[in-house]
Amino acid sequence: MFAVGLMAAACGTTEIDSVRGMTQTGGTEFTQALASGYRALAIQEEGLRDWSDAYMYARKGLSAGQGQVVLPEDPANYALPASMMPEFQSARARLIAALDAGGRQRLPRVAAGAQLAYDCWVEEQEEGWQIDCIEKCKRDFYALLAQLEARPAPAAAPAPAAPPAPRQFIVFFDFDRSNITAEGARVIQQVIASYRQKAGPVSVVGHTDRSGTPQYNQGLSVRRANSVKAALVRGGIAAGQVSTAGRGESEPRVPTPDGVREPQNRRAEIRIQ
């Protein structure tokens, strides 16, 4: 027994070291919360020199940290009093049903907390001597399970339809250019198609990044707006329906220091009312 104990301790320590320094590689908010909780339980059991349970929690934490969905412990694998087994089995079945019914996605942290509390309850009950800890894990489990099982409030009646929002498009430009690129031409075609579905006044506002003087950029922004207008008119939109303006570098889409070239700021914004 002594040799087996040493082997378990050595193995447990290896897994615990791994879970203590693990870096989560994705997964969901549920698996991330589960991994953090199992890591804390593994370290706690290591401090109590409960190597078998520390190893169990570390193994589950590492799996959850890799984005895997780990199930709650099966009470059949524990030496629990026969009189308590029906409650543990019923509680686990309720928990899994709530998790599978969307609990992991709807309330990820609550779902993870309920699973952690359940595993803690099973593990501590098998040991059977930390009565306060058993009761706390059990109490926490049922409180969190109640949240998972609660039916979402019925959806509110839909609000009255808001007036249609303006249709908005953006044409981007190369540095210090006002000619329409191939990508910009595709956006222009989208504007024309939208206009044909429902005509309305069109506004085009040109912008620049903050590379260059304010005076130069003001002129460049006007040229960009006029370039877009010309393309819209060639596409069949009446010139009188299209207004233009230039804002120069005064309204950046991405704020930058003066002199910085920023592609997102070299643009013309199009709105169809």
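Use the structure listed above.
These notes cover the structure that comes with them.

**Things to note about the overall build of the chain**
Reasoning step 1: A tally of helices and strands in the chain yields eight helices and four strands.
Reasoning step 2: Seen through its C-alpha atoms, the chain measures out along the principal axes to roughly 90 × 45 × 30 Å.
Reasoning step 3: Partitioning the contacts of the chain with sequence separation of at least 6, the portion at a separation of at least 24 is 72%.
Reasoning step 4: A total accessible area of about 14,700 Å² is found for the chain, and carbon and sulfur atoms account for 56% of it.
Reasoning step 5: The positive charge centre, built from 30 side chains, and the negative charge centre, built from 29, are 18 Å apart in the chain.

**Details of helix α2 (residues 29–47)**
Reasoning step 1: Taking 1.5 Å of rise per residue, 19 residues should cover 27 Å, and α2 covers 28 Å from first to last C-alpha, within 8% of that figure.
Reasoning step 2: Of all the residues in α2, the buried ones are F30, T31, A33, L34, A35, G37, Y38, L41, A42, E45 and E46.
Reasoning step 3: Where α2 ends, the next residue or the one after it, R49, has phi of about 60°, a positive value.

**Describing the packing of helix α3 (residues 51–65) against helix α5 (residues 108–127)**
Reasoning step 1: Put simply, α3 and α5 touch, their axes get as near as 12 Å, and they point 165° apart. By the criterion of interaxial angle, the relationship of α3 to α5 is roughly antiparallel. α3 and α5 meet at a crossing whose hand is right-handed. In contact with D53, Y57 and K60 of α3, α5 contributes D119, C120, E123 and E127.
Reasoning step 2: Of the residues assigned to the contact of α3 with α5, the class counts are two nonpolar, no polar and five charged.

**A look at the nonpolar core**
Reasoning step 1: Counting residues in hydrophobic clusters, the biggest one holds 42 residues, and the most contacted among them are L34, Y57, L95, Y118, W121, F141 and L148.
Reasoning step 2: Of all the elements in the fold, those that place two or more residues in this core are α1 (2–20), α2, α3, α4 (85–106), α5 and α6 (131–149).
Reasoning step 3: It is α5 that provides the largest number of residues to this core, a total of 10 residues.
Reasoning step 4: Judged by nonpolar contacts, the second largest core, of 19 residues, contains V191, L232, A268 and I272.

Rules and cut-offs
Residues numbered from 1 in each chain as written. Predicted model: local features only at pLDDT ≥ 70, side-chain atom pairs only at ≥ 80, totals over all residues. Heavy atoms only, no water. Helix = DSSP H or I, 4+ residues; strand = E, 2+ residues; numbered from the N terminus. Contact = heavy atoms within 4.5 Å. Areas by Shrake-Rupley, 256 points an atom, 1.4 Å probe, with all protein chains shown as cover. Lys, Arg positive; Asp, Glu negative; His and termini not counted. Charge placed at Lys NZ, Arg CZ, Asp CG, Glu CD. Expected span 1.5 Å × (residues − 1). Buried < 20%, exposed > 50% of the residue type's maximum accessible area, 1.4 Å probe, protein only. Axes fitted to C-alpha atoms, helices over the stretch in contact; angles between N-to-C directions. Parallel < 35°, antiparallel > 145°, perpendicular 65-115°, else oblique. Left-handed = near helix turned anticlockwise from the far one by under 90°. Nonpolar A, V, L, I, M, F, W, Y, C, P; charged D, E, K, R; others polar. Core = buried A, V, L, I, M, F, W, Y, C linked by side-chain atoms within 4.5 Å.

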